[in-house]
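Report on the structure
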There are 2 protein chains.
Amino acid sequence: MSGDPATHLVHGLQRWRQRYPALQNCAVRDVLDQLADKWSVLIIIALAAKPHRFGELKREIVDISQRMLTQTLRDLQADGLIEREVFPTTPPSVEYRLSPLGKSFLAPLSALVAWTEENHGAIREAREEFGKAA
Amino acid sequence: MSGDPATHLVHGLQRWRQRYPALQNCAVRDVLDQLADKWSVLIIIALAAKPHRFGELKREIVDISQRMLTQTLRDLQADGLIEREVFPTTPPSVEYRLSPLGKSFLAPLSALVAWTEENHGAIREAREEFGKAA
DNA sequence: CAGCATCCAGGCTGATACTG
DNA sequence: CAGTATCAGCCTGGATGCTG
């Protein structure tokens, strides 16, 4: 039992939970409020493959607006998850890449993505079922 | 290298990425758009310890409003992550608990929580540094 | 106790137009 | 190319009052 990494993590969650009885002012909220928006995760996933220029990101995340891309990139940079490098060419080009901190986030993120993929079907079924009941 | 679970997961992310070149209509977006709001994760964490009644949840997540608690619980139920049981007592009591699907979510969630906890300091420093630069 | 209905302010978000 | 600026709609989310 103690050898299972998933079980180990869940136990860690229990221990963590005792430190925040009111679920306030905890790292989860401070960090997730930033990361859990509509676009951050998608940008990080895109940058996981390789550094991207602004236009590349815009083309890959097809339905993001320029405004939201700029804004989200800035927020991710502020949190130290991505790095921004400007090349003073004409026309100018800017490259975004994951920082070491950002790369370290790929591990938990991957687990999350894998879970969503595995359980997408079950969730969609549950939604339909729930829709019928209502 | 191939034995490292984290490395394995990141490789999974790369493979997954190839299926969604435009990062659209993928499970991540469909699922995360629901889970990545302000309260879902906190409710799941609270329910991870034990089933809760409505009022218990309200007291544990001190700054959630009644409206948001009701709404988020309903959404989580619709997605099949939690189960709702009504006891026809007077006054009535309602119990919420994680479904098997919800429990399976604890593994990736724990990894995420652990990461936020470990890197909270680095992120806060990055924010301050970024604030000075601007 | 557990919830619903209503109202309302504020922020998120996209569309559009413009700049170095 | 890589942004900035402005405007307007929508939806989140809180406050309040009421019900079974």
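A brief report on the enclosed structure follows. (Residues numbered from 1 in each chain as written. Chains lettered and ligands numbered in written order. Predicted model: local features only at pLDDT ≥ 70, side-chain atom pairs only at ≥ 80, totals over all residues. Heavy atoms only, no water.)

**Here's the deal with the pattern of salt bridges**
Our working definition: Salt bridges are counted wherever a side-chain nitrogen of Lys or Arg sits within 4 Å of a carboxyl oxygen of Asp or Glu. Each helix corresponds to a stretch of at least 4 residues labelled H or I by DSSP, and each strand to a stretch of at least 2 residues labelled E; elements are numbered beginning at the N terminus. Relative accessible area decides the class of each residue, using a 1.4 Å probe on protein chains only: under 20% of the type maximum gives buried, over 50% gives exposed, and in between gives partly exposed.
Going through the model one piece at a time under the given rule, you end up with 18 salt bridges over all chains. For the salt bridge of A:Arg19 with B:Glu117, the shortest nitrogen-to-oxygen distance reads 2.8 Å. Of the two residues, A:Arg19 is situated in helix H1 (residues 5–19) and B:Glu117 in helix H7 (residues 106–133); the pairing between them involves two chains. Note on A:Arg19: relative accessible area 51%, which makes it exposed. The residue A:Arg97 makes a salt bridge to A:Glu85 at a minimum N-O spacing of 2.8 Å. A residue pair is termed long-range when its members are at least 10 positions apart, and A:Arg97 in strand E3 (residues 93–98) and A:Glu85 in strand E2 (residues 82–87) qualify at 12 residues. Residue A:Arg97 is classed as partly exposed on the basis of its relative accessible area of 24%. Members of the salt-bridge network, linked through shared partners, are A:Asp30, A:Asp79 and B:Arg127.

**Some remarks on the interface of chain A and chain B**
Heads up, the rule is: By the convention used here, residues are in contact when the closest approach between their heavy atoms is within 4.5 Å. Here's the idea: put two parts together, see how much 1.4 Å probe accessible area each one loses, and the total over both is what we call buried area.
On the side of chain B, 62 residues touch chain A, which itself brings 62 residues to the contact. For the chain A and chain B pair, buried surface summed over both sides reaches about 5,800 Å², with 68% attributable to carbon and sulfur atoms. Inspection of the chain A/chain B interface yields 10 salt bridges. Mapped by element, the contributors of at least two residues to the side of chain A that touches chain B are H1, helix H2 (27–35), helix H3 (40–49), helix H5 (66–78), helix H6 (100–104) and helix H7 (106–133) of chain A. It is H7(A) that contributes the most residues to the side of chain A that touches chain B, 18 residues altogether.

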